[in-house]
Amino acid sequence: MTRQITLRVGNVETIIPVSRVSTEVFKTGQWSSRKPSYRQKLSPCREACPTGNNIPAMISHASKGDFDGALALLLQENPLPGVCGRVCYHPCQTKCNRNEFDETVEIRALERAIADLGNATPPTGSNPEDRKTAIAVIGSGPAGLSAAYFLRLFGHKVTVFESRREAGGVLRYGIPEYRLPKDILAREIGRILALGIDLKTDERINGDGLERLQKEFEYIFLGIGAWLPEKLGAVPDEGGPILYGLDFLCDERKKDLCRGKKNVVVIGGGDVAVDVARTARRLAGPETVITMVAPEKEGDFPAIPEGIGEAKEEGISMRGEYRPVQFLGRDRLEQVRLARTRVEKEPVTGKYVLSQGEGDDLLIDADMVLISIGQRADTGLFLPEIIDKDFSRVFVNSFGMTPLPRFYAGGDLVRQKPAVADAILSGKRAALSIHLKANGYDAERIMPALALGQGSSLSMGAYNENGRIDLKKVAQFADLTTLLCRKTKPNAQAKSPPEARVTGFREVTKGLDRHAAIDEAKRCFYCGSCNGCDLCFFLCPDISIMKEGDRMYSVKTDYCKGCGICATICPRDVIELEERLP
Amino acid sequence: MRELLSGNYAIAEAVRMARAQLIPAYPITPQTPIYERLSEMESQGTLPGTMVRVESEHSAMAMCVAASLAGVRVFTATSSQGIALMHEMLHFASGNRVPVVMGCVNRVLAAPWSFGSDQTDTLSQRDTGWMQFYCEDNQEAFDTIIQAYRISEATLLPSMVIIDAFFNSHFIEPMELPDQDQIDLFLPPPVLPERFDLDNPAFVSNVVTAGSQFLPFRETAFYDMENAKEVIKEVDQEYRAQFGRGYGMVEGIKTDDARLVLVTSGSMTSTARMAIDGLRAKGARVGLLKIKAFRPFPWREVRDVLQDAAKVVVIDRNISLGKEGIFCQELKSAIANSTARPQVHGYIAGLDGVDVSPEILENICLEVLDKEAPDDLPVWVRG
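Values in this document were obtained by computation on a predicted structure and should not be read as measured data.

1. A closer look at the interface of chain A and chain B
If you look at the interface, chain A gives 19 residues, while chain B gives 36 residues. The junction of chain A with chain B conceals about 2400 Å² of combined surface from both sides, 60% of it contributed by carbon and sulfur atoms. Contact with chain B buries surface across chain A, with Ile5(A), Arg8(A) and Arg20(A) losing the most and accounting together for 28% of the total. Where chain A meets chain B, there are 1 salt bridge. Ionic pairing is found between Arg8(A) and Glu234(B), a salt bridge with its closest N-O pair at 2.8 Å. Here the residues of the side of chain A that touches chain B are counted per class, giving 10 nonpolar, 5 polar and 4 charged. With 2 bridges connecting them, strand β1 (residues 18-19) of chain A and strand β9 (residues 203-204) of chain B associate as antiparallel partners. Across the sheet, the residue bridging to Ser19(A) is Phe203(B), located in β9(B).

The following block contains the structure:
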């Protein structure tokens, strides 16, 4: 047993190749011309979002229960997430890629949950020169608050002038509490003002005031909204029980007038009209007949369908394709005569054209009429050169600037979609423009770079972080890998029953609780947005996907042979394969 | 100790006594009893090594290669389709110069599907760089396994120890099992180059350059296989000295005065021994050449045995379509450059385990003795 087998070969060490150095010397990646590129893209929801919320990233935080992190991200782009999470018309959900798989992610409900459950302080903007410019913001609605917020985050000195007793504009005086509770609004406005914004309430700026402000402030942002009612024209529509919608909503005494009324007719089919009708229901009581009359077909009322649905649940009836032509009654209003209308979409311009419809007039009983067919801005106090007379709006260019270089404007005062989110966008746009101008930066170059895809929204996050997202490319459904996803039902928000909600102004829609919000967040595809799932990292056969901290990967092209497994498996279209000449 | 054992069990006993340390294997008829017997030994606690039930023959060989590179004595066994599936890894074994010993039981390669003996499965692996030893009986199979470890571990080349399906693998024969201490004396524990070191990681089978690296590796391996012939002889002589049995790479029986030499391999040789006796009794000057080592091919020994013969008849239990029996080809090429060049007659017989009786072999020899010239194509014998 002491003997051993004698080797009968030459040099054992040289009969086979043994490599004790790294195989990294073989740059096998040079054999291929196809390389993956790791680049985060825009999600369609974010492209559609007027405030430019980084929706996939915020939902990713929420899916892990990190509502604080999610709120911090939201506050980068939107000063009023608790408001938008309740009242926004959510174009994000219309564009959600999940619509092509099962149903949209309840993005608005998630925004609300994040705003309600999270705690975060707004992120300070980048202002390396520390240029502190004095800016006056006239009006404290969503546009004014947004402009003030973003300017203040850049470090500028901001003073907000509000003609009413409290800040909030249409959010406070227009939108009823059953949709937007005052404590939520107070919390959001409080967070904005706490940044160090000077708020002057009960201060209406007239012509002289504007003169004075020009001396004290370098720039002035006009965000006074559109509070004057559009009128019916030919029909005498004033006096007694005939009121205008927004006036009605913001005036407690006028609201009281509908108590005891039997038949309330609301003229108009927009969101304000719906709020007017539902407010009347709550004040007049459950027996009162409330009818909304609008020239569009019943299914085509311009208001958000959700609001129409809730109004119907609350016993409000709809009469489409009618308009009021006469208010009848001797001593008091008794009836309204309605004439048939037709609204058609002009095929070339896309505009809706109103014409006379076929059919008999209709008389309906009415002891109160609330007219809510739109608002105009009170442009009387401004210099004529900035007013777009046809529309009774202030004219601004694509940077939010009026023809007078020190004046910027936004919200319902300018010609844009009259919605909270669009007002916030206009405030953000003006704030960025003012900031860039105050610092002498090239807005012509910078602003387009911050635009999200083909949409009109801008990303403040992209400006501050030089973000790693390609803001011009949108991740489409066809580019996603959904093999790992299952069809699921959205987590819908609960609503209180109609008979309970018409007894008061408590919020109708209950928010998602923490558990449901996390569950809903997990439905998100995170289109174009890397959430660190590691599939590319684990499946790369050439160990060429490198991890660089949280949610960041890079491709080691020296060894990547371009097989494309990473691009194929990436559920979110973050990795794409590109031809690259060697 | 005298025992009655099948060829499969004889191989299993040899593997146990050789103290193989790792046995990755996958079952396939007719080799499965080797696997079963080793498994049984393991469960009884009498197997010194560890068995691994792998998912395929390819994996079995991959594991053999890796373990052997780590310095471990390994064994595996297979047949037919299993050898075919292993093919790629067979090259890795020889290319990595690992002394794997494998038991192979010749069986028909599908298609069509069948189970009898046919050497085409192992002969198809001729160029994989493995040594191949075709055994005549169960005793020789046992002895050759023991010898193969000595030969492989000295030359760092892998070995196939081959028997015929059923004639060897399942037929029980009386045989002599040496004592373990005698085997241990002949076959000490392995001292193999250990290529892997946790503190100094290595990678084998790496990419090499064509001219300055690949060709020299092949050339070295080629000459190491040539030189293995000396090792095979020495090991066989030593074995004969210790155990009283030896085989040589070839064996010539009654060839000194033979006009005709019958050439066989595997279990058919036992039958041929009887046929030669019968022919001699009839006055025919016929001898027998048994070829045991096929790789390395003992061309010098074959020439020596055949130098005075006028005719040679090779019986092949295998066929290479488009040419002829494979032993016949090899024999022809072995004598091509020799001075004495007998006629070579090729016969195909016994495919799929068809019995080749002494009478058949006698008749073949008589036919060849009468022939003026060999046929260009092999003669097919239907049994």
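2. With respect to the pattern of salt bridges
Residue and element names in this part refer to chain B. With the rule as written, the count across this model stands at 68 salt bridges over all chains. Of the charged contacts, one joins Glu 136 and Lys 290 as a salt bridge, the two residues approaching to 3.1 Å between their closest N and O atoms. Here Glu 136, found in the loop between β6 (131-134) and α6 (138-155), pairs with Lys 290, found in strand β12 (residues 286-291); they are 154 residues apart in sequence, far enough to count as distant. For Glu 136, a relative accessible area of 6% corresponds to the buried category. Taking relative accessible area as the criterion, Lys 290 reaches 3% and is therefore assigned buried. Here Glu 140 makes a salt bridge to Lys 290, at a shortest N to O gap of 2.7 Å. One end of the pair, Glu 140, is in helix α6; the other, Lys 290, is in strand β12, with 150 residues separating them in the sequence. The residues Glu 140 and Lys 290 share a single accessibility class, namely buried.

3. Observations concerning the nonpolar core
Soluble globular proteins: nonpolar side chains tend toward being buried together. Judged by nonpolar contacts, the single largest core of 83 residues is most densely connected at Met58(A) and Ile59(A). Among the elements that line this core, the one with the most residues is helix α15 (residues 420-439) of chain A, at 11 residues. With near-sequence residues (within four places) excluded, Met58(A) lies in contact with Ala70(A), Leu73(A), Leu74(A), Ile107(A), Glu111(A) and Ile114(A). Counting 51 residues, the second largest nonpolar core, distinct from the first, contains Val15(B), Met41(B), Ile151(B) and Ile232(B).

4. What about the pairing of strand β10 (residues 263-267) of chain A?
Residue and element names in this part refer to chain A. Most of β10 sits inside the fold, with 5 of its 5 residues counted as buried. Burial along β10 is two-sided: Asn 263, Val 265 and Ile 267 facing one way and Val 264 and Val 266 facing the other are all buried. Two elements, β10 and strand β11 (residues 289-294), share 5 bridges in a ladder whose sense is parallel. Of the residues in β11, the one forming a bridge with Ile 267 is Val 293.

Cut-offs applied
Residues numbered from 1 in each chain as written. Chains lettered and ligands numbered in written order. Predicted model: local features only at pLDDT ≥ 70, side-chain atom pairs only at ≥ 80, totals over all residues. Heavy atoms only, no water. Contact = heavy atoms within 4.5 Å. Buried area = accessible area lost by both parts, 1.4 Å probe. Salt bridge = Lys/Arg side-chain N within 4 Å of Asp/Glu carboxyl O. Nonpolar A, V, L, I, M, F, W, Y, C, P; charged D, E, K, R; others polar. Pairing = 2+ DSSP bridges. Helix = DSSP H or I, 4+ residues; strand = E, 2+ residues; numbered from the N terminus. Buried < 20%, exposed > 50% of the residue type's maximum accessible area, 1.4 Å probe, protein only. Core = buried A, V, L, I, M, F, W, Y, C linked by side-chain atoms within 4.5 Å.

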